[in-house]
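# Remarks on the overall topology
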Amino acid sequence: MNLNLTARHIDITPHLRAHINTRFKKLAKFNRHIVEGEIVLFKDRASDIAEGRIHLNHTVITAKGRGTDLYFAVNDLAEKLLHQLQRYEGKLRDRKRLGRNR
């Protein structure tokens, strides 16, 4: 998976980059559908925000994670994207099963 990482008005430390890579390794099992991913990190007035977009073969999944720290925001984003990918995979499996039973 090709992952593009962008930060607005903040610096990405090597430790933060490593944390993002370890959190998004869970998405590797969905690698056959994922074409590329984009993550944008920025600070809001009250919280840090991580926005993510994953391009699949025929759809795009987006999510936004918030936290008091960039690490918490990345964790929230990774959990939301993983949940949406699992739902997408489940829908594909159900469609295949439904097609066989007809």
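What comes next concerns the included structure. (Residues numbered from 1 in each chain as written. Predicted model: local features only at pLDDT ≥ 70, side-chain atom pairs only at ≥ 80, totals over all residues. Heavy atoms only, no water.)

Attention now moves to the environment of Leu-70. Note on placement: Leu-70 falls in helix α2 (residues 70-101). The class for Leu-70 is buried, based on a relative accessible area of 9%. Placed 26 residues apart in sequence, Leu-70 and Lys-96 show a C-alpha to C-alpha distance of 39 Å. Leu-70 has contacts with Ile-10, Leu-16, Leu-41, Phe-42, Asp-48 and Ile-49, leaving out every residue within four places of it along the chain. (Helix = DSSP H or I, 4+ residues; strand = E, 2+ residues; numbered from the N terminus. Buried < 20%, exposed > 50% of the residue type's maximum accessible area, 1.4 Å probe, protein only. Contact = heavy atoms within 4.5 Å.)

Looking now at helix α1 (residues 14-23). When α1 is considered as a whole, its buried residues turn out to be Leu-16, His-19 and Ile-20. For α1, the buried positions fall inside an angular range of 100° around the axis, keeping them on one side. In α1, those exposed residues whose orientation departs by more than 90 degrees from the buried face are Pro-14 and His-15. (Arc of directions from axis to C-beta.)

Applying the stated criterion to the full structure yields zero aromatic pairs. One cation-aromatic arrangement involves Arg-8 over Phe-42; the distance from NZ or CZ to the ring centre is 5.3 Å. (Phe/Tyr/Trp six-rings, centres within 6.5 Å; stacked < 30°, edge-to-face > 60°. Lys NZ or Arg CZ within 6 Å of the ring centre and 35° of its normal.)

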